[in-house]
Amino acid sequence: MANVTDLQTKYSKLAQEYSKLRAQNQVLKKAVVDEQANSASLKEQLKQRDQSLRKQEQEMDSLSFRNQQLAKRVELLQEELAVSEAKGKKGKTKGDSPSQHGLQTQSVFDEDLQKKIEENERLHIQFYEADEQHRRQEAELRARLAELEKDSEQHQGVVDGLTTKYMETIERLQSDKARLEVKAQTLEREAKECRMRTEECQQQLRRCQSELNRQVKQSSSVIQEKVPFNDTKFSDYNSLNVPTHNRRHQLKARDVAGQALSFIQDLVAALLNFHSYTEQRVHIYPRDSSIEPISPLNQKFSQYLHENAAYVRPLEDSFLQLHQSITEDTVTVLETVVKLKSFADNFSSYTHFLQKILPYQLKSLDEECEASLCTAALTVKNQELQSDMKRVTSVFEKLQNYINLLALPSVRQDAMPQSSTSAVFTQLAACLHSLHDAIKEMSKHYNQKASLEQELPTITQKLCTTTECLLGSLGSLNSSTGKIATFFSNNLDFFTSSGYSPRGGAVSLNPLQAESMLANKKKAAAYIHAIKKPRPQSVPYREALSNRRILTSSTESREGLTQQVQQSQEKIARLEQEKEHWLLEAQLGKVRLEKENQRIADLEAQLAAALGGSPNSQTAAASTLAQSHEEAEAEQKAAGKETTLCTSLVGMLCTTPTVEHVGDEESREQLIKTHYMTRVGELTTQLQISDSKAVHFHSECRALAKRLAIAEKSRETLSEEVKLANQNITRLQDELATTKRSYEDQLSMMSDHLCSMNETLSKQREEIDTLKLGSKGNAKKNKGR
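Source: prediction; values computed, not measured.

(A) Summary view of the overall build of the protein. Scanning the protein from terminus to terminus reveals 15 helices and two strands. Taking all 785 residues of the protein together, the buried fraction comes to 28%. Within the protein, contacts between residues at least 6 apart in sequence are counted, and of these 83% link residues at least 24 apart. Total accessible area on the protein stands at roughly 51800 Å², and carbon and sulfur atoms take up 55% of it.

(B) Just the nonpolar core, in detail. Within the largest apolar cluster, 69 residues are counted, with the highest numbers of intra-cluster contacts made by Leu340, Tyr350 and Met442. Elements with a minimum of two residues in this core: helix 3 (247-284), helix 4 (296-306), helix 5 (309-325), helix 6 (339-369), helix 7 (376-407), helix 8 (418-454), helix 9 (461-490) and helix 10 (492-496). Non-local contacts of Leu340, meaning those with residues more than four positions away in its chain, are made with Leu322, Leu334, Leu406 and Ala407. With eight residues, the next largest nonpolar core counts Leu7, Tyr11, Ala725 and Leu732 among its residues.

(C) Representation of the packing of helix 4 against helix 6. Their axes nearest at 10 Å, the elements helix 4 and helix 6 cross at an angle of 145°. Remark: the crossing between helix 4 and helix 6 carries left-handed chirality. Contact residues: Leu297, Asn298, Lys300, Phe301, Tyr304 and Leu305 in helix 4; Phe353, Lys356, Ile357, Tyr360, Gln361, Lys363, Ser364 and Glu367 in helix 6. Class assignment of the residues belonging to the contact of helix 4 with helix 6 gives a composition of seven nonpolar, three polar and four charged.

(D) Spatial organisation of the confidence of the model for the protein. Of the residues in the protein, 79% reach a pLDDT of 70 or more, and the chain-wide mean stands at 77. Across the protein, the element-wise mean pLDDT spans from 44 in strand 1 (residues 644-647) up to 91 in helix 7.

(E) Representation of the side chain of Glu138. Within the fold, Glu138 resides in helix 2 (residues 96-226). Glu138 has contacts with Ile768 and Lys772, leaving out every residue within four places of it along the chain.

(F) Summary view of the pattern of salt bridges. Counting across every chain of the model gives 19 salt bridges. Across the pair Lys381 and Glu384 runs a salt bridge, and its minimum N-O distance is 3.5 Å. With Lys381 and Glu384 both in helix 7 and three residues apart, the pair spans about one turn of that helix. Residues Glu596 and Arg599 are paired through a salt bridge, measuring 2.3 Å at the closest nitrogen-oxygen approach. Of the two residues, Glu596 and Arg599 are both situated in helix 12 (residues 541-611); the distance of three residues between them amounts to about one turn of the helix. The class of Glu596 is partly exposed, set by a relative accessible area of 31%. Overlapping salt bridges bring together Glu138, Arg142, Asp769 and Lys772 as one network.

What counts and how
Residues numbered from 1 in each chain as written. Predicted model: local features only at pLDDT ≥ 70, side-chain atom pairs only at ≥ 80, totals over all residues. Heavy atoms only, no water. Helix = DSSP H or I, 4+ residues; strand = E, 2+ residues; numbered from the N terminus. Buried < 20%, exposed > 50% of the residue type's maximum accessible area, 1.4 Å probe, protein only. Contact = heavy atoms within 4.5 Å. Areas by Shrake-Rupley, 256 points an atom, 1.4 Å probe, with all protein chains shown as cover. Core = buried A, V, L, I, M, F, W, Y, C linked by side-chain atoms within 4.5 Å. Axes fitted to C-alpha atoms, helices over the stretch in contact; angles between N-to-C directions. Left-handed = near helix turned anticlockwise from the far one by under 90°. Nonpolar A, V, L, I, M, F, W, Y, C, P; charged D, E, K, R; others polar. pLDDT = per-residue confidence, 0-100. Salt bridge = Lys/Arg side-chain N within 4 Å of Asp/Glu carboxyl O.

Here's what the structure looks like:
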């Protein structure tokens with residue numbers, strides 16, 4: 001069942017990942033469509049730019065042609081001017097009329113030349129502006145091309161990531177399929193072996209039934225012949241009114257008590273974790289006790305929560321004693337189970353503890369609602385949690401009443417008839433289901449509250465870790481209460497049935513009749529053991545006793561070894577503390593050595609300065625140095641003779657007094673405080689992690705042990721579920737193959753589209769390079785002109 005649940009969770013996770021990837025695929029499709037539209041618009045812009053560029057080239061060609069014509073005209077005019085000037089020099093002797101004609105011609109030529117020069121300047125300005133516009137457009141196109149290449153690389157990275165993720169998912173599913181196939185084969189082999197063992201047991205059962213029928217016939221004939229007195233009409237006066245010992249009922253009771261003990265242990269562990277992590281949360285939120293003091297209400301609440309183990313641990317201990325009191329050689333009914341009263345008393349004390357802390361829980365949630373950062377949604381969740389806590393406490397009170405009623409017959413005889421006992425068991429089963437529902441609601445509301453607290457801006461990592469641990473303990477509590485309710489409902493028929501009842505009457509069994517029954521059983525066993533030899537297959541009674549002694553001695557030796565291991569661990573911890581102490585001493589010695597070296601260096605510097613000065617100063621320096629040496633020797637002697645005992649908040653340490661004694665003490669104490677605070681923080685973190693891991697591993701080990709115990713009973717169901725799982729696997733593999741093919745088709749289409757875009761971009765790049773070369777050539781021609 002657990003494997004199928006794991007498969008269902010894996011497949012649900014896979015479906016969620018598939019939906020996420022499908023949404024991402026839609027986004028990628030939209031991005032590809034947008035990029036196609038952008039590329040189409042860029043192509044249109046490129047065509048328009050090409051057309052404008054060709055128009056500008058045509059204009060440039062026409063302007064260059066016009067410029068050449070104008071240059072030739074200017075040259076002709078210059079030649080004509082030179083000829084006219086030469087003629088003017090030769091014909092100076094002529095009259096005024098020809099000179100006036102020459103001046104008019106010269107002015108006409110000058111005006112024409114000025115116009116041509118202005119036109120040429122204007123054409124040069126237009127050419128420069130066209131060249132600048134072309135360069136600007138070319139830079140814009142290059143930037144756009146770089147953006148497109150970057151987008152293409154990003155899309156390619158997304159495609160590669162999706163491909164890798166799909167391949168990993170496929171490999172994981174294939175490995176899961178192979179593991180499930182191996183498990184299915186193992187289960188088939190176990191089913192075959194179980195069928196074979198079942199057939200053998202059926203054959204043995206038939207033989208035993210035939211033998212027992214024969215013995216019953218023989219015994220009935222003996223009773224009819226040898227025991228004439230069998231009066232059951234007046235049961236009060238019948239000395240033979242003693243019920244027979246029901247060994248099957250005792251084995252069933254032992255098995256049921258063992259299962260209930262494991263469930264109670266899970267429940268106790270979950271309650272301990274829940275109360276402990278609630279106490280940690282009170283110290284962190286809404287006020288952090290390391291920063292500011294918490295309210296007096298929360299201090300009192302934390303003090304009560306710190307005492308939870310004194311109320312929760314006795315539940316497990318008392319039920320363990322109850323389980324140990326149920327053996328094959330006892331009679332287990334409500335009238336003889338004396339240990340049930342101690343369990344009922346411990347459960348009543350824990351219920352009173354819940355009633356005592358309930359007001360503090362409600363007021364603590366009210367204090368959280370009054371915080372400045374508490375939102376309306378958090379206030380609603382806190383109110384729901386308050387109602388859940390009230391409901392859980394009321395359900396525990398009902399359970400207390402029913403358990404006290406069940407424990408009453410063991411204290412007072414004839415306290416409750418059989419019909420009332422059945423009704424109490426039925427109501428107890430319904431109450432356990434109510435407890436499971438209440439815990440489930442509280443866990444759901446706490447999960448919602450934790451998700452809302454994650455959105456707060458001032459949330460700390462310590463609070464997140466404590467909340468996760470608290471949610472884990474609530475999950476364990478929900479699981480354990482559900483298992484207890486299911487277990488009690490499944491065994492309700494056994495609880496309501498009467499395993500023992502005196503012959504000839506419908507009254508309940510009293511302790512005196514139980515003692516008589518056990519005495520008769522021992523006498524019958526001794527008689528049969530005396531008149532019959534034990535079978536070779538069975539174990540003799542004396543050998544069983546010796547085996548029990550060996551088992552008891554091995555248990556005692558195991559306890560002794562456990563104590564030795566504990567002592568060794570304590571010794572290792574003590575040695576670790578000593579190691580840390582000597583490491584601190586070594587650090588203090590290094591600090592002192594550095595100070596001494598510094599002092600020696602200062603003295604040497606003073607000595608060098610003194611040697612470099614006057615003789616008087618040298619003498620004074622030498623006397624100062626000698627005096628310092630004498631003081632150092634005196635200090636060393638005093639240090640060798642006297643020691644001081646330094647005490648602080650951290651501990652005690654024997655030290656030798658020096659000049660820097662006070663500074664060393666302060667530095668040593670500061671170093672020790674820093675080291676131990678760091679160690680305390682690390683150990684606290686490790687303890688929280690270890691607690692959560694231990695709870696997780698403990699629950700897993702419990703689940704594995706229970707799964708192993710009920711494997712034979714659920715093999716047929718598991719085989720059917722394996723078949724269903726195989727069908728689901730084939731269906732999911734078909735879906736995965738279909739999804740894979742669709743994604744491969746989409747990826748191939750996207751890769752083809754990207755290839756076409758790359759080709760288009762390369763063509764555009766080549767055209768741009770050609771245009772640049774052409775524009776550079778034209779610019780060089782214009783400059784040459």
